[in-house]
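# Reading the structure
Here is what each chain is made of, one letter per residue.
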Amino acid sequence: MTLTIITFFGGVMLMLYGIRLAGEGLQKSAGGKLKSFLLKATSNRFKSLGVGAVITGLLQSSSATTVMLVGFVGAGLIGLNETMGIILGADIGTTLTVQIIAFKVYDYAPLLVGVGILMVFLSKGGRTKDAGLAVLGFGFVFYALKILIATFEPVSQNPLLRDALLGVSSDPLAGIIISALLTAIFQSSAATLGLAITAAHTGLLSLDAAMPIVLGANIGTCATALLASVNATVDAKRVAMAHVIFKIFGVIIVLPFLGTFTRLTGLTASELPRQVANAHTLFNIGIAVLFLPFTVPFTNLVKKLVPERAVKGRFAPNYLDPMVLTSPTLALAQSSRECIRQSDIVRDMLRNAIAAFETEDMRYIEKIEKKDDYIDILDREIKLYLTKVSRAGLNDGQARREIEIILFSDTMENIGDVIDKNLMEMARKRLRKHLTFSKEGLEEIKLFHSKVVENFELGVAAFTESDYSLAKKLADRKQALSEMERELRDAHIKRLHAGLRETVETISIHLDILANLKRINSYITNIAYPILEREKK
């Protein structure tokens, strides 16, 4: 008995690892192109359904598709309504794993393991290695099935176990709850249904007893997305909630007609394992057909169940969603989006910096200074988030983009520091001494400031688009701004020699403002260099 328990435990763990390995390998080998395909093919609900099914069928993970959806919705690339069809399609696509398990392919498990290991050993990395890991993962799954079938066969005649399974068929609700909990623990409906199919192979499980397990597994699979969305954005919570609603409503509708559904499923195949797999597929196709015409009402329902909430308490990032960390492409996109938010705050500080030298209100200066604290928080959180992304493994293009993001955030933090610690300190000094600029001097400062702001906008655009031509244009402007600063400094000194009172009083502040604006422009130009270097390689 002890040996049976040990073997069962080992078989289950091997199956879980194999499912995970296969999913990760497929995501890495094909994920990038599939993400682009998903983004372009959501023009209507029927196309969304098909795209969701195909992508999830290839990735072998509805969670992976959900993660992509969360990232796209959070980035504003697609709307919540468009995700409804994809979610329904993903539930259909994820049944492919169960269908494969239902075939008697476990005899080929050693071959798949061997091929997978050979592909990994002979590859030099990249997609071949990822594909090899996927093949190896499926080999582990099939080998685990072989172990479990061998484990179930001796106990299949145990009368106590048969009575327990008979109780599941006579009390479907209990079976659904047990299956849902088991799936939530496994974090894989394929694993739960794999066990059910394995038990069906040995005659240990009847179709009547298997049906509640199928329904429960469909509810339990929502646990992964729900747990991942606990500390995530509102959009992530809504996508997860939509998944839960579809599954629970589907089970509620099927449950009163479970006997009829079981009989219809029995007609789809002669073998019990195939019937169990078909039940899973038919259930998900059924809820897709039933709910697809009502995606708009469901979207409104989800928004009511998960409303927007005003952010209270300390300042924090908006887009660094932990749910997309397993997808480097999306995680980098979210990091870039947070950087753009960071630049919006810096832009506001920079634009209002000169007005601080005209106001008599100290609170105006303090308001600008306060924003530098927000810049520091975002800089720290962006870099911390990117250290977590790196663990998922980045290709060369993603690694270069990561560097661009880090340098951009660092640039924003440096500019914020110059405005806070230098420009605003000079504004305080002017206010304390009740100094005023000459009309000509103030106009020159404003002119130079406007050029720096123009370059800031150009730098942000170059980063956002990762555009070589914009980056080159920004770098070429650096010398012109340096010459302009020198000319304006000379003009101020000439007014000083002319004995203009305002010029004499503000000479130190005036020249320091020009010098610090020039320094800010140098930081802005740093945005261009990683983009220019990338094009040279």
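Placed above this text is the structure.
Residues numbered from 1 in each chain as written. Predicted model: local features only at pLDDT ≥ 70, side-chain atom pairs only at ≥ 80, totals over all residues. Heavy atoms only, no water.

Quick look at the overall build of the chain now. Within the chain, the secondary structure is distributed over 23 helices and zero strands. When the 537 residues of the chain are sorted by exposure, 51% land in the buried category. Pairs at least 24 residues apart make up 82% of the contacts formed inside the chain by residues separated by at least 6 positions. (Helix = DSSP H or I, 4+ residues; strand = E, 2+ residues; numbered from the N terminus. Buried < 20%, exposed > 50% of the residue type's maximum accessible area, 1.4 Å probe, protein only. Contact = heavy atoms within 4.5 Å.)

Turning next to the side chain of Thr 183. By the element assignment, Thr 183 lies in helix α9 (residues 172–186). On the basis of relative accessibility, which here comes to 0%, the residue Thr 183 falls in the buried class. Within the structure, the side chain of Thr 183 is placed 2.8 Å from the side chain of Thr 192, a separation counted as a polar contact. Excluding residues that lie within four positions of it along the chain, Thr 183 makes contacts with Ser 188, Ser 189, Thr 192, Gly 216, Ala 217, Gly 220 and Thr 221. (Polar contact = N/O pair within 3.5 Å; in protein donor to acceptor, adjacent residues only side chain to side chain.)

What follows covers the pattern of salt bridges. Per the stated rule, a full pass over the model turns up 22 salt bridges. Ionic pairing is found between Lys 383 and Asp 379, a salt bridge with its closest N-O pair at 3.2 Å. In this pair, Lys 383 and Asp 379 are both assigned in helix α18 (residues 362–390), four residues apart and thus about one turn of the helix distant. Taking the relative accessible area as the measure of exposure, Lys 383 reaches 26% and is therefore partly exposed. With a relative accessible area of 9%, Asp 379 lands in the buried category. In this structure, Asp 420 engages Lys 421 in a salt bridge whose closest nitrogen and oxygen atoms are separated by 3.8 Å. (Salt bridge = Lys/Arg side-chain N within 4 Å of Asp/Glu carboxyl O.)

The subject of this paragraph is the side chain of Ser 343. Its place among the elements puts Ser 343 in helix α17 (residues 328–353). If sequence neighbours within four positions are ignored, Ser 343 has contacts with Phe 408, Met 412, Phe 456 and Val 460.

Time to look at the nonpolar core. Burial of nonpolar side chains together is a common tendency in soluble globular proteins. The biggest cluster of nonpolar side chains holds 64 residues, and the ones touching the most others in it are Ile 415, Ile 419, Leu 423, Ile 513 and Ile 520. Elements with a contribution of two residues or more to this core: α17, α18, α19 (396–433), α20 (439–465), α21 (468–497), α22 (501–525) and α23 (528–536). In terms of residues, this core owes the most to one element, α19, which gives eleven residues. If we skip the residues at most four places from it in the chain, Ile 415 touches Val 346, Phe 456, Ile 520, Tyr 523 and Ile 524. (Core = buried A, V, L, I, M, F, W, Y, C linked by side-chain atoms within 4.5 Å.)

Looking now at the environment of Leu 384. Relative to the assigned elements, Leu 384 resides in helix α18. The exposure class assigned to Leu 384 is partly exposed, which follows from its relative accessible area of 42%. Distance from Leu 384 to Leu 320, taken between C-alpha atoms, is 10.0 Å for residues 64 residues apart in sequence.

Once that is clear, we can look at the environment of Arg 428. Within the element layout of this structure, Arg 428 appears in helix α19. For the pair formed by Arg 428 and Asp 361, sequence separation is 67 residues and the distance between their alpha carbons is 9.8 Å. What Arg 428 contacts, discounting residues up to four positions off in sequence, is Met 362, Ile 365, Glu 366 and Glu 369.

Scanning all chains against the criterion turns up seven aromatic pairs. Where Phe 246 meets Phe 298, the ring centres are 5.1 Å apart and the plane angle is 45°; that geometry is what we call tilted. With Phe 246 in helix α13 (residues 234–254) and Phe 298 in helix α16 (residues 295–305), the pair connects residues that are 52 residues apart, well separated along the chain. With respect to class, Phe 246 is no different from Phe 298; both count as buried. Within the aromatic cluster, the residues linked to one another by ring pairs are Phe 246, Phe 249, Phe 291 and Phe 298. One residue, Arg 401, lies across the ring of Phe 463, its end atom 4.3 Å from the ring centre. (Phe/Tyr/Trp six-rings, centres within 6.5 Å; stacked < 30°, edge-to-face > 60°. Lys NZ or Arg CZ within 6 Å of the ring centre and 35° of its normal.)

In this section: the packing of helix α5 (residues 95–102) against helix α10 (residues 189–201). Viewed as axis vectors pointing N to C, α5 and α10 meet at an angle of 20°, and their least axial separation amounts to 10 Å. When the interaxial angle is binned, α5 and α10 end up roughly parallel. Between α5 and α10 lies a crossing of right-handed hand. Residues Thr 97, Val 98, Ile 101 and Ala 102 of α5 form the contact with α10, whose own contacting residues are Ala 190, Leu 193, Gly 194, Ile 197 and His 201. Tallied by class, residues from the contact of α5 with α10 come to six nonpolar, three polar and no charged. (Axes fitted to C-alpha atoms, helices over the stretch in contact; angles between N-to-C directions. Parallel < 35°, antiparallel > 145°, perpendicular 65-115°, else oblique. Left-handed = near helix turned anticlockwise from the far one by under 90°. Nonpolar A, V, L, I, M, F, W, Y, C, P; charged D, E, K, R; others polar.)

Moving on: α20. Spanning 27 residues, α20 covers 39 Å between terminal C-alpha atoms, matching the ideal 39 Å at 1.5 Å per step. Phi turns positive one or two residues past the end of α20, at Ser 466, with a value near 50°. (Expected span 1.5 Å × (residues − 1).)

A cluster of nonpolar side chains, contributed by Ile 248, Phe 249, Ile 252, Ile 253 and Leu 290, occupies part of the molecular surface with about 410 Å² of accessible area. Top contributing element to the nonpolar patch by residue count: α13, with four residues. Note that Ile 253 resides in helix α13. (Patch = residues over 30% accessible without salt bridge, like charges linked within 9 Å, V, L, I, M, F, W, Y side chains within 5 Å. Areas by Shrake-Rupley, 256 points an atom, 1.4 Å probe, with all protein chains shown as cover.)

Our next topic: the packing of α17 against α19. Running from N to C, α17 and α19 cross one another at 20°; their axes reach a closest spacing of 10 Å. Judged by the inter-axis angle, α17 sits roughly parallel to α19. Where α17 crosses over α19, the handedness of that crossing is left-handed. Between α17, through Pro 328, Thr 329, Leu 332, Ser 335, Ser 336, Cys 339, Gln 342, Ser 343, Val 346, Met 349, Leu 350 and Ala 353, and α19, the contact on the second element is made entirely by Gln 398, Arg 401, Glu 402, Ile 405, Phe 408, Ser 409, Met 412, Ile 415, Gly 416, Ile 419, Leu 423 and Met 424. The residue makeup of the contact of α17 with α19, split by class, is 14 nonpolar, eight polar and two charged.

This next bit is on unusual backbone geometry. The bulk of non-glycine residues show a negative phi, and the bulk of peptide bonds are trans. Even without being glycine, Ser 466 reaches a positive phi, approximately 50°. Relative to the assigned elements, Ser 466 resides in the loop between α20 and α21.

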